Amino acid sequence: MACSWSFAFRLLCYGLSFLPSTSAYCVAPDSGCELDGYLELLQTDSEALSKNQDAVIGLAPAPAPFWPMKNGNVNRTGYLPSVAATNFSKPLWSWREPDRESKGLTLPTMKVFHGTPMIDGDLNVYIQSTTGWVYSVSSAGKTRWEFDTGADNPGNVALLDDAVFVLTRDGTAYSLDSATGAQLWKQKIAASTGGDTWSAAACEGFVIFPATEAGKNGGTTEVIAVHPSDGAVLWRYSLGPPNLTMVFPQGMTNLVSAGYNQMPAIVDDSVLFTSVNGGAYRIGLQDGKEIWHTPGVPEASFTTAGGLVVGPNERVYLGASRNLGWGMLRVFDLATGEVLANKTFDLPLEAAPAVAPLSPGGPLAVFVTLGRDPECDPLLPLPTPARILALDAITLEQIWEFVLPMGDGIVAGVNSSEGCCPDVFGNPTVGGDGTVYINWSGGWAYAIRDANGDGTVDMDDSSEVTAFHHGGGSNGNTALAPGMAVAPSCWQLLGYASDA
């Protein structure tokens, strides 16, 4: 039965896209798709897997991860179709990094989590630290293994099959056994990486790393694809020269790299990512050749909203900002890169949005976080209003709003000994029941929803807001799995379960 690449079918693939074993079947040819063929592929794959399991007794493959990379899937939508833990008033467990010495190019005392935890199919958790260590923690919050990369500030890891992939500040990529933490391979693939919080991506046959070319600094200037089996470089794509020059109060100028906080998405046999001033790129997954590039907004200054997301509606969403000024949600056509909308806000948008159904069976929505990044050591801290909006994914009309307490302009818990200076928000994530998870650098982790549908998420209504005060900043998003959630802060992971 022939079918068009319908909205309903895209939602099916969208819900399955976080599963590497099925993501290959959610690729839409330009002319449409064969639904019968799609179901046959799934059945064939399942039968082959069953035969393989019969042939290799006791060596069943690991179940597909629930949250294999930042924002949860290759589309980077931030959406888990299942219901996760929804009560954030008290975590089931917390986990802190053992006492480690920082090393390499970062601040001498930088010993924090600037990333997002990942969750595998057995509910084990993975996180990297700026100290250069990679950790795995059980679903009960107990350390499973630890691995020292020997360098500092690795980017957000990605999970694929039985491996954990990570790239460190010195440009060395690693593949680690997800069960034991043993090194599977090690390859020097880049001159270095940025000092930002970029993220790896992985799908069958490819691991994608943002990196920094020799003689450049600040963030991402190239994107590299390697093979998961051995780390061999498959292609490189250079983002070109820096997009802008920043002027500091002292009168100094500094060229800013072309990308920052990169979070590449993998969709329809292509890779998509952003520029530092709100532009977007799409290149081929197989060869790294440019498909389209849409420049950033001329008025946009340096923005930390480095990730984009690709919705099941063939639209690409990303954030851009002018610090101390406006924020902008930009929407592009996936096929052509045409700008479909530039929606502005009175506050900066310094995190990637999430795209998910508003509720089970409800309309598709875009969730954005608005607020100015707090300071680490401000001379004159400014009050920092912040709010979360749910918008219709097509019209961008507001559906609901959540207003946070007024911040004091300083990262919660900041001190000179541990170097935690994150953005105002981590990227939002969304569970299958419509619960939205927010990490705010005012020191709180939130689980929110507009339970009564009145357009306002009420801070004082426990059916709409549950929260935990951990007292730190947060750069990562809450990782989700069925009945489980793990929220990061600068110094600890917080584990939640449905029955807790």
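Conventions adopted
- Residues numbered from 1 in each chain as written.
- Predicted model: local features only at pLDDT ≥ 70, side-chain atom pairs only at ≥ 80, totals over all residues.
- Heavy atoms only, no water.
- Pairing = 2+ DSSP bridges.
- Helix = DSSP H or I, 4+ residues; strand = E, 2+ residues; numbered from the N terminus.
- Axes fitted to C-alpha atoms, helices over the stretch in contact; angles between N-to-C directions.
- Salt bridge = Lys/Arg side-chain N within 4 Å of Asp/Glu carboxyl O.
- Buried < 20%, exposed > 50% of the residue type's maximum accessible area, 1.4 Å probe, protein only.
- Polar contact = N/O pair within 3.5 Å; in protein donor to acceptor, adjacent residues only side chain to side chain.
- Contact = heavy atoms within 4.5 Å.

Caption draft 1: Spotlight on the sheet that holds strand S13 (residues 206–211). The strand order across the open sheet formed by four strands is S12-S13-S14-S15, and the pairing between neighbours is antiparallel. Two strands in the sheet have a free side with no partner beyond their single neighbour: strand S12 (201–203) and strand S15 (233–238). The average undirected angle you get between the axes of adjacent strands in this sheet is 15°. Pairing of S13 with strand S14 (residues 222–226), which is carried by five bridges, proceeds in the antiparallel orientation. Considered in S14, the bridge of Val207 is made with Val226.

Caption draft 2: The pattern of salt bridges, seen in detail. Tallying each qualifying case throughout the model produces three salt bridges. Between Glu222 and Arg236 there is a salt bridge whose closest N-O contact spans 3.5 Å. Taken as a pair, Glu222 in strand S14 and Arg236 in strand S15 lie far apart in primary sequence, 14 residues in all. Judged by relative accessible area, which is 6%, Glu222 ranks as buried. Beyond isolated ion pairs, a larger network of salt bridges with shared partners links Asp346, Arg387 and Glu401.

Caption draft 3: Representation of the side chain of Thr435 in the model. One can find Thr435 in the loop between strand S30 (429–430) and strand S31 (436–440). For Thr435, the side chain forms a polar contact with the side chain of Asp433, separated by 3.1 Å. Within the structure, the side chain of Thr435 is placed 3.1 Å from the side chain of Arg449, a separation counted as a polar contact. Beyond its immediate sequence surroundings of up to four residues, Thr435 is in contact with Thr86, Thr429, Val430, Ala447, Ile448 and Arg449.

Caption draft 4: Quick look at the sheet that holds strand S6 (residues 133–137). The sheet built from four strands is open, its strands ordered S4-S5-S6-S7 with antiparallel pairing. Only two strands of the sheet have a single neighbouring strand rather than two, namely strand S4 (118–119) and strand S7 (143–148). Looking at chain direction, S6 and S7 are connected through five bridges and run antiparallel. Within the sheet, the bridge partner assigned to Tyr135 lies in S7 and is Glu146.

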